[in-house]
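# Survey of secondary and tertiary structure
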Amino acid sequence: MKILVTGGAGYIGSHTCLDLLQNGHETVVVDNLCNASRESLKRVEELSGKSIRFYEADLRDAAALDQIFAKERPEAVIHFAGLKSVPESVAKPLLYYDNNINGTLQLFQCMQKYGVYRFVFSSSATVYGAPKTVPIQEDFPLSVTNPYGRTKLMIEDMLRDLAVADPKFDIVLLRYFNPIGADISGRIGEDPNGIPNNLVPYITQVIVGKREYVRVYGNDYPTPDGTGVRDYIHVTDLAQGHTKAIEYMQQHHGLHVFNLGTGIGYSVLDVIHAFEQVIGREIPYRTMERRPGDIATCYADPSLAEKEMGWKARFGIAEMCADAYRWQSMNPDGYGA
Ligand code: NAD
Ligand code: UD1
């Protein structure tokens, strides 16, 4: 199938393009490169031996998007493009509403105009807020606490409305838990701007000596070792979930929601120790105050995705850490090297 991938040059998008190409699909990428490099897709082309048509464009540029749809006539859209930093969204909410909401609206309008009715959306476990119990199932109540999360929930709501108004739309909402790791080649991976917000890129930068020590945010949570527990999922498994979703939509109509996680929770200290196993030495860390907005424990019940789409995460924490470390050590300055 010919698939338009918005934000395809980014972290999850580039891994998904690789998986799509390896499974015989054709990919067209639209990305404004605000948080990505053209280099990622060149490497995906090398790894897959296939070519990607790339358009450097902003989704909010209606004329540019219209031209791309007119020329490419995609059969489905996977929508990654968006800004994703929680603290930045708190500081600049209008930027997040403009980029994430307006960009998505332009996309829907083009899809309707050109009769493209298959859509896969990058949602997040953040839409579950602070869950009352774990593991989290797809029908748990939804709530959000910051503008980034609100853009995800608003887009989910728009899609639910669209599915009711226009039954021609087939929609899969994928709620990601915590994507980490990198392609096993070490050629593509996560390349955060500046100081990483997320735990794993921070740890890998400590390992290669770019940062002094890991800051562990809080050791007094109601968890086995007091540090926050999350469901880390290998980005390659996550990428495969998108290919499965595209295939699923060919047989199943309407709107479907799936958690993409492993179903296993690891604490911050578990993750640090898993990296220590990979590198064979201790990683310096210091315990700090809790980070505002963090919850104690979050992990998925991923069984619906397995039952419906036949998708299940294959990689464990050791492989996630080994692959994240390989990417960081082969590319100490990310794609900028
Ligand atoms: P990323 O920043 O690496 O990728 C997003 C891509 O979108 C970037 O390449 C960026 O240049 C592009 N982009 C942003 N705004 C755009 C616009 N207006 N027009 C065109 N391109 C634009 O992020 P990622 O980690 O790959 O995340 C992909 C998606 O998954 C995002 O929507 C994110 O919110 C969602 N998500 C990510 C995580 C995570 O932990 N990484 C978790 C849950 C959900
Ligand atoms: C964060 C976002 C979430 C987003 C996800 C992926 C918040 C509140 N949530 O999730 O919306 O979808 O990233 O981009 O920002 N930690 C440390 N030290 C660090 C960094 C993190 O101890 O330097 C801890 C955190 O307290 C948490 C765990 O590590 O317990 C994971 O944190 P992180 O990688 O930032 O992901 P989330 O907070 O789960």
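Worth saying up front: this structure is predicted, and the values here are computed from it rather than measured.

### Some remarks on the site of ligand 1
- Close contacts around ligand 1 come from 26 residues, with Ile12, Asp31, Asn35, Lys84 and Tyr148 the closest.
- Note that a nitrogen atom of ligand 1 is positioned 3.1 Å from one of the backbone N or O atoms of Asn32.
- Within the residue set of the shell around ligand 1, elements represented by two or more residues are helix H1 (11–22), strand E5 (118–124) and helix H6 (147–165).
- The leading source of residues in the shell around ligand 1 is E5, at three residues.
- For the shell around ligand 1, the per-class residue count stands at 13 nonpolar, nine polar and four charged.

### A short note on the side chain of Asp323
- For Asp323, the location among the structural elements is in helix H11 (residues 317–330).
- Those residues in contact with Asp323 that sit more than four places away from it in its chain are Ala182, Ile184 and His234.

### Structural notes on the packing of helix H3 (residues 62–72) against helix H5 (residues 93–114)
- The N-to-C vectors of H3 and H5 enclose an angle of 35 degrees; their axes lie 10 Å apart at closest approach. Both H3 and H5 take part in a crossing whose hand is right-handed. Between H3 and H5, the residues in contact are Ala62, Leu65, Asp66, Phe69 and Ala70 and Gln106, Leu107, Cys110, Met111, Lys113 and Tyr114, respectively.
- Tallied by class, the residues present in the contact of H3 with H5 amount to eight nonpolar, one polar and two charged.

### Concerning the sheet that holds strand E6 (residues 170–176)
- What the seven strands build is an open sheet, ordered E3-E2-E1-E4-E5-E6-E11; its pairing is parallel. Each having just a single partner strand, strand E3 (53–56) and strand E11 (255–260) make up the two edges of the open sheet. With direction set aside, neighbouring strand axes in the sheet form an average angle of 20 degrees.
- Relative to E11, E6 is paired through six bridges, and the arrangement is parallel. Following the sheet pairing, Tyr176 is matched in E11 by Leu260.
- In the packing of H1 onto the sheet, contacts are made with strand E1 (2–6), strand E2 (26–31), strand E4 (76–79) and E6, and the angle to E2 comes to roughly 165 degrees.

### Regarding the site of ligand 2
- Residues in close proximity to ligand 2 total 17 residues, the closest being Asn198, Arg215, Arg230, Arg291 and Asp294.
- In this structure, an oxygen atom belonging to ligand 2 sits 2.9 Å away from a main-chain N or O atom of Leu199.
- At a separation of 2.6 Å, a nitrogen atom of ligand 2 approaches a polar backbone atom of Arg215.
- A total of 740 Å² of accessible area belongs to ligand 2 in isolation, and the protein chains cover 88% of it.
- Per-element accounting of the shell around ligand 2 gives the leading share, three residues, to strand E8 (residues 214–217).
- Tallied by class, residues from the shell around ligand 2 come to seven nonpolar, six polar and four charged.

The rules we used
- All residue numbers here refer to positions counted from 1 along the written sequence of the relevant chain.
- Both sets of labels track the order of writing: A upward for chains, 1 upward for ligands.
- Predicted model: local features are reported for residues with pLDDT of at least 70 only, side-chain atom pairs are reported and counted for 80 or more only, and whole-chain, interface and lining totals are derived from all residues.
- Here the side-chain values reflect all heavy atoms present in the structure, with hydrogen atoms and water set aside.
- Any residue with at least one heavy atom within 4 Å of a molecule or strand is counted as near it.
- Residues adjacent in sequence count toward polar contacts only when both atoms are side-chain atoms; beyond that, a polar contact is any pair of N or O atoms within 3.5 Å, and within protein one must be able to donate a hydrogen and the other to accept it.
- Strands are runs of DSSP state E lasting at least 2 residues, helices are runs of H or I lasting at least 4, and numbering of each runs from the N terminus.
- Under the scheme applied here, ten amino acids are nonpolar (Ala, Val, Leu, Ile, Met, Phe, Trp, Tyr, Cys and Pro), four are charged (Asp, Glu, Lys and Arg), and all others, including Gly, are polar.
- Residue contacts are counted whenever heavy atoms from the two residues lie within 4.5 Å of one another.
- Fitting a line to C-alpha atoms yields each axis, with helices limited to the stretch in contact; the angle taken between N-to-C directions then spans 0 to 180 degrees.
- Left-handed describes a crossing whose near helix is turned anticlockwise from the far helix by less than a right angle; the clockwise case is right-handed.
- Two strands pair if DSSP finds at least two bridges between them.
- Using a 1.4 Å probe, the Shrake-Rupley method yields the accessible areas, and only the shown protein chains count as cover for residues.

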